[in-house]
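# Results of the structural survey
Take a look at the letters that make up each chain.
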Amino acid sequence: MAGAPAAARERLATWVQAERARILAQLGDDRDAAAAEARAREVLEVVARHARVSDDDAWREAAAIARLTNQLVELDSATRDEVISLHRAAPGVVRTLAFELRDHDDVPSAYALLLLLIEEHGTKQIARYANLAAALCVVHDAGPVSRRVNENSVVGPASLALFDYLVSHDRDTLWGLAGTPPGMLVYVVDAAAPVSELQWAVGKHRGDRQIGKRYHQINYDTRHYKQGTPKRLTEEGFSLPNIARFGGICVDQAYYAEHAGKSIGVPTVTVTSRSSTGGHCWVGFVERRGSSLRWNFEEGRYDEYEDLRGMLDDPQSGQPITPDELAIRLAFDSAPRAEREHVQALADAAAFLLDAGSPPAAPESVSGLLRTPRPSGVEGALLLARGALGVNAGAHSAWALAREVFASAEVGASDRREWTSAALTIAGRESPYFALDQIRAIIAGTPRAQERAELWAWVAKRLRAWPMIIAEAKLSEAEAWADAGDKHRAWVTYEAILREHVDEGQAAVVASLAMARMLAASGRSDLIDGALGDAWRRISRPAPRRVSSAMGSNWYRVGSAYATALERAGRDRDAENVRRQLESVVRGEPAGGG
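Residues numbered from 1 in each chain as written. Predicted model: local features only at pLDDT ≥ 70, side-chain atom pairs only at ≥ 80, totals over all residues. Heavy atoms only, no water.

### What about the pattern of salt bridges?
In plain terms, the rule: The salt bridge criterion pairs a side-chain nitrogen of Lys or Arg with a carboxyl oxygen of Asp or Glu, the two atoms within 4 Å. Under the DSSP-based scheme used, a helix requires at least four consecutive residues in state H or I and a strand at least two consecutive residues in state E, with every element numbered from the N terminus.
As enumerated under the stated definition, the model contains 41 salt bridges in all. Between Arg-537 and Asp-534 there is a salt bridge, with the nearest N and O atoms lying 3.5 Å from each other. Taken together, the residues span about one helical turn, with Arg-537 and Asp-534 both in helix H26 (residues 528-538) at a distance of three residues. Among the ionic contacts, a cluster of salt bridges with common partners joins Arg-11, Arg-20, Asp-57, Arg-60, Glu-61, Arg-95, Arg-337 and Glu-341.

Shown next as structure tokens:
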């Protein structure tokens with residue numbers, strides 16, 4: 001007699017969905033969030049250990065229940081009960097917020113704001129604008145946005161008022177709010193201008209697809225810049241209409257363009273930077289190129305700031321980030337919801353594996369699992385982080401986890417080389433400076449200075465496509481050789497920067513200053529002309545132009561280092577000749593003399 005047929009085996013996603021349903025049902029009965037969280041963590045660990053990266057439904061559902069229950073534990077009992085009830089009525093609303101919350105967010109305040117929005121507008125409207133609601137909750141969890149714009153302080157609208165404004169003007173936005181992902185909308189809901197000014201702005205800029213051009217529309221207050229007189233804008237009262245009427249300086253131009261964009265639903269930021277001669281602000285905005293989106297940071301970024309990175313504030317965390325990081329993030333922030341959830345789930349599981357113990361057994365009823373469980377600790381965490389980045393290069397949670405892991409000296413040189421190559425492969429084409437930042441974090445945790453120098457030398461050989469980044473890598477290599485006490489290799493590497501990259505970026509300036517210090521310390525004044533003098537003469541002399549531009553040029557700054565080295569060597573007459581040439585450009589005189 002034939003034996004009974006074996007029971008059909010199920011997909012992992014089916015098992016996860018069944019476990020998720022059991023956890024939610026039990027939570028609805030006993031309201032025991034701690035017990036629900038513990039079981040949800042067990043489900044997430046099963047997936048983290050046994051699921052293939054491609055099994056996206058299993059990852060998404062495991063992370064969804066793990067995130068929800070973890071956040072419920074942080075709420076007081078009354079708020080928790082309301083959120084559980086809301087999850088029954090509108091699971092998509094709660095799920096959207098649950099996936100947007102990060103470690104630095106105020107979870108109770110975010111959910112309190114969500115419940116307030118539901119009370120004010122009803123479940124149906126918030127379900128339609130779930131992305132906008134989630135963005136508001138993660139940015140306004142600490143209250144309305146406030147900002148200092150030089151001498152002026154501004155406080156943005158209250159959350160409900162801003163939500164009302166945006167929804168009422170949804171037809172005026174370029175791409176529509178309902179379908180725009182929360183990660184993009186956080187750069188809309190961080191508005192610091194009051195609703196009355198946003199209403200004024202939307203009347204002027206409705207349908208504007210060149211929002212960055214509004215920066216140049218604002219007249220520059222030259223009298224204030226040159227003479228230090230009070231700005232007419234400040235005297236009349238800081239506002240968007242008054243900026244348009246009276247003008248301002250760069251920070252006011254950027255603020256205007258930024259809020260003109262926000263008024264029509266365009267994600268915008270103000271970027272700030274400092275050169276050797278002062279500060280500057282310009283605007284960044286998302287633009288559509290065909291079927292793709294990109295951050296544009298070119299409007300208002302003048303020539304002398306092309307080599308400077310700039311910083312901006314992340315409206316969700318409040319922490320400074322670079323435009324390069326924001327550019328790579330857009331791949332994640334603009335991705336379809338299912339992809340974002342999948343990638344975030346992989347990053348969540350990677351963080352979980354860092355401190356996990358022995359793996360749980362795989363469910364016997366499930367097929368299609370890994371033959372060998374994924375390991376815990378650094379190895380497993382890096383495998384999943386790499387998996388997340390393989391799905392989406394903008395997975396900022398995965399990049400952040402990698403930086404955290406590589407800060408530890410426990411990671412070996414082979415892993416550091418592998419991830420350095422991965423950073424270049426994944427991010428190098430889209431955002432090479434972001435790739436360089438990741439490489440810095442990967443190498444910085446290496447305990448021995450000589451090993452750091454060797455890693456940087458290895459990196460520099462792989463950066464032929466990006467001259468400025470090669471120079472930055474060589475600068476880090478030279479500094480590591482100096483830390484290792486190898487002055488000869490440090491000098492040779494600094495010298496290579498001046499020989500090969502003297503007109504490219506800030507690395508040549510830093511190298512010249514370091515070489516001037518080394519010459520002074522060693523007393524080798526005989527090397528000044530061959531090292532610094534020759535390098536300075538190879539740099540293109542800038543045309544006479546405004547003071548800040550001339551003084552920020554490589555020609556001026558390397559020349560200053562050269563003059564300082566001559567003065568330290570007692571060659572005052574030669575130093576005076578160099579400084580006379582430097583000042584002639586600042587004063588706008590033609591080349592010659594000296």
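### Notes on the nonpolar core
Convention followed: Residues belong to a common nonpolar core when they are buried Ala, Val, Leu, Ile, Met, Phe, Trp, Tyr or Cys residues joined through side-chain atoms within 4.5 Å. Exposure classes here rest on a 1.4 Å probe applied to the protein chains alone. A residue is buried below 20% of its type maximum, exposed above 50%, and partly exposed in between.
In this structure, Leu-12, Tyr-111, Leu-114, Leu-132, Tyr-255 and Phe-297 are the most contacted members of the largest nonpolar core, which totals 158 residues. Core analysis: the second largest hydrophobic core is formed by 39 residues, Ala-453, Trp-555, Tyr-562 and Val-578 among them.

### Looking at helix H18 (residues 377-391)
Which entries qualify depends on this criterion: Helix span is expected to be 1.5 Å times the residue number reduced by one. When checking whether two residues touch, look at their non-hydrogen atoms; a contact exists if any pair is within 4.5 Å.
The terminal C-alpha atoms of H18, which comprises 15 residues, lie 22 Å apart, in line with the 21 Å expected from a rise of 1.5 Å per residue. Considered for burial, the residues of H18 that qualify are Gly-377, Gly-380, Ala-381, Leu-382, Leu-384, Ala-385, Gly-387, Ala-388 and Leu-389. Buried residues along H18 sit in contact with helix H2 (33-50), helix H3 (56-73), helix H17 (337-353), helix H19 (396-406) and helix H20 (413-427).

### Description of the layout of surface pockets
Heads up, the condition is: Cavity: a set of points on a 1 Å grid over the protein atoms alone where a 1.4 Å probe fits but cannot get out. Pocket: an open set with protein on both sides within 12 Å along at least five of seven lines, its lining residues, like those of a cavity, having an atom within 4 Å of a point. Grid points are joined across faces, edges and corners, and a volume is the space filled by probe spheres set on the points. When residues are grouped by polarity, Ala, Val, Leu, Ile, Met, Phe, Trp, Tyr, Cys and Pro land in nonpolar, Asp, Glu, Lys and Arg in charged, and all others, Gly among them, in polar.
Quantified by volume, the largest pocket comes out at close to 1200 Å³. Forming the walls of the largest pocket are 42 residues, and the residues nearest its centre are Arg-67, Arg-102, Asp-103, Gln-344 and Asp-348. Broken down by secondary-structure element, the contributors of at least two residues to the lining of the largest pocket are H2, H3, strand S7 (320-321), helix H16 (323-333), H17 and H19. Tallied by class, residues from the lining of the largest pocket come to 16 nonpolar, 10 polar and 16 charged. Considered as a void within the structure, the second largest pocket measures approximately 660 Å³ in volume. In terms of lining, the second largest pocket is formed by 33 residues, of which the most central are Val-145, Ser-146, Arg-147, Asp-313 and Pro-315. Among the secondary structure elements, those contributing two or more residues to the lining of the second largest pocket are strand S1 (146-149), helix H15 (250-263), strand S3 (268-275) and strand S6 (312-313).

### Observations concerning the pairing of strand S2 (residues 152-155)
Our working definition: Whether two strands pair comes down to DSSP finding at least two bridges between them.
Of the two faces of S2, only one is covered, namely that formed by Asn-152 and Val-154; the face formed by Ser-153 and Val-155 stays uncovered. Summarising the sheet, S1 and S2 pair through four bridges and their orientation is antiparallel. Within the sheet, the bridge partner assigned to Val-149 lies in S2 and is Asn-152. Here S1 hands over to S2 after two residues, with Asn-150 in that stretch at a positive phi of 55 degrees.

The values are spatial; any link to function lies outside them.
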